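This is what each chain is made of:
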Amino acid sequence: MIINRMFKRKSVKVISILMFLGLMVLSQHACVDSLDGGDESENPVNTFLMNMSANPNTLFGNASEESFIQVDTLLVPDGSEIDYEITFSSSGLPPALRGCLFDSSGAVINNEAFVNYLAGVLVGINETASVNISATVTLADGRRESDFLSVNLDGVGIIPATPGPSPGTDPLIVPHPSVTPAPTNVAVPLTYQTVGLEPGTLVEISLSNPDIGSLNSGTDPEIGDDLLFTPVLGNVNSGQFFVQYNGFVGQSGTQIIFARTQLQIPPELSLVCPLISEEDGLIEVIIIITQEVAAPPTPGPTPGPGDGDGDGGDPLPTLPPDFE
């Protein structure tokens, strides 16, 4: 009877309803907390782990150096498909000059995959660029995950030689042909420095004006021409090549010496990597020599009668007829 009278009061009814709702909320929370933590996923849904590394990470932009790129994975079944792509260059290098990928693994095995990267083309000493390379793994159920890394390229080039007379300032003086004894051509040895060119790279040397000079190797003065090829010596970081210019006796004018080489894809990769145009792969430097002829020798005074040269001299005085 007492309980019935209590529930007839409005305030008691409201309090009872609120208590009931509170007990329900607490019971739901207790059920969630009662689950064993080991039954929950340790990894987010539809993801797995990837990491990429390149060895080396910095190459010369000479279209010949290579980098080995490795992909390490976790939670990826063996045989999962993997694809590689050169995506873009943050420094604006055109697609044709970003290099190429070759000899890649098409599937993940033992949580590893790999691809080889052939350096792109970057002409210009002290220039730098970067190329982004991505890898995408696709699982059998269609899930996909990607990662990427950046490979750096350093510019390559030739530092022109400075002959004895500085180009554009001091002229090269060759003898006048009337000098005695007979004068010889003036030999000017030239040493060029290279950065990023593989040893053995052939450099073409040519002249603009073969009428006033010639080229030779510096070992045999009798061998000369207006065109020759010489190899880069030393190493890829700091190389050099040599040539000799011969200024002809009695010939003056302006001589331009061209040194040029062409970056090209290695022949064994020409079927899988895009070819480089002649314009994009050309490295060229010039030397300008102003060639002048020395003044002719100053003639000595012309000998006259009586100079004791046996050509007669002054006549003897005439004796009088009666002289005894």
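Each residue is numbered by its place in its chain's sequence as written, counting from 1. For a predicted model such as this one, the threshold for reporting local features is a pLDDT of at least 70, and the threshold for listing and counting side-chain atom pairs is 80 or more; totals across whole chains, interfaces and linings nevertheless cover every residue. In computing side-chain properties, one takes all heavy atoms of the structure into account and sets aside hydrogens as well as water.

A. Focus on the overall build of the chain. Secondary structure elements are taken from DSSP: a helix is a run of H or I of four residues or more, a strand is a run of E of two residues or more, and numbering for both begins at the N terminus. When you go through the chain residue by residue, the secondary structure sums to three helices and 18 strands. Each residue's exposure class comes from its accessible area (1.4 Å probe, protein chains only) as a fraction of the maximum for that residue type: buried when under 20%, exposed when over 50%, partly exposed otherwise. The burial tally for the chain puts 33% of its 324 residues in the buried class. In what follows, a contact means two residues having at least one pair of non-hydrogen atoms within 4.5 Å. Residue pairs at least 24 apart in sequence account for 73% of intrachain contacts in the chain once pairs closer than 6 positions are excluded. For every accessible area listed, the method is Shrake-Rupley and the probe measures 1.4 Å; residues are considered covered only by the protein chains on display. Total accessible area on the chain stands at roughly 19,600 Å², and carbon and sulfur atoms take up 57% of it.

B. Molecular detail of the packing of aromatic side chains. Pairing of aromatic side chains requires ring centres within 6.5 Å, counting the rings of Phe and Tyr and the six-membered ring of Trp. Pairs whose planes differ by under 30 degrees are stacked, by over 60 edge-to-face, and all others tilted. Under the definition given, this model contains two aromatic pairs. On the numbers, 5.7 Å between centres and 25 degrees between planes, the contact of Phe-68 with Phe-114 is stacked. Linking Phe-68 in strand E3 (residues 66-74) with Phe-114 in strand E6 (residues 112-118), this pair joins segments that are 46 residues apart in sequence. You can call Phe-114 partly exposed: its relative accessible area is 35%.

C. Up close: unusual backbone geometry. Here the residue pair Asn-55 and Pro-56 is connected by a cis peptide bond, since its omega of -5 degrees sits within 30 degrees of zero. With an omega of -5 degrees, the peptide bond between Thr-180 and Pro-181 qualifies as cis. One can find Pro-181 in the loop between strand E10 (172-174) and strand E11 (186-195). Look at Ala-63: it is not a glycine, yet its phi comes out positive at around 60 degrees. Residue placement: Ala-63 occurs in the loop between strand E2 (58-60) and E3. With a relative accessible area of 1%, Ala-63 lands in the buried category.

D. Up close: the side chain of Ser-134. Position of Ser-134 among the secondary structure elements: in strand E7 (residues 128-138). Using a relative accessible area of 11% as the deciding quantity, one classes Ser-134 as buried. When residues no more than four places from it in sequence are discounted, the contact partners of Ser-134 are Met-52, Asp-83, Tyr-84, Glu-85, Thr-87, Asp-147 and Phe-148.

E. Layout of the sheet that holds strand E1 (residues 49-55). Here, strands pair whenever DSSP counts at least two bridges between them. Within the open sheet, the four strands sit side by side as E1-E3-E6-E5. Their pairing is antiparallel. Both edges of this open sheet fall to E1 and strand E5 (100-102), since each of them pairs with a single strand only. Taking each pair of neighbouring strands and ignoring which way they run, the sheet shows an average axis angle of 30 degrees. Pairing analysis gives seven bridges linking E3 to E6, with the strands arranged antiparallel. In the sheet register, Glu-66 faces E6, and the bridge partner there is Leu-118. Angles shown run from 0 to 180 degrees and are taken between the N-to-C directions of axes, each axis being a line fitted to C-alpha atoms and, for helices, limited to the stretch in contact.

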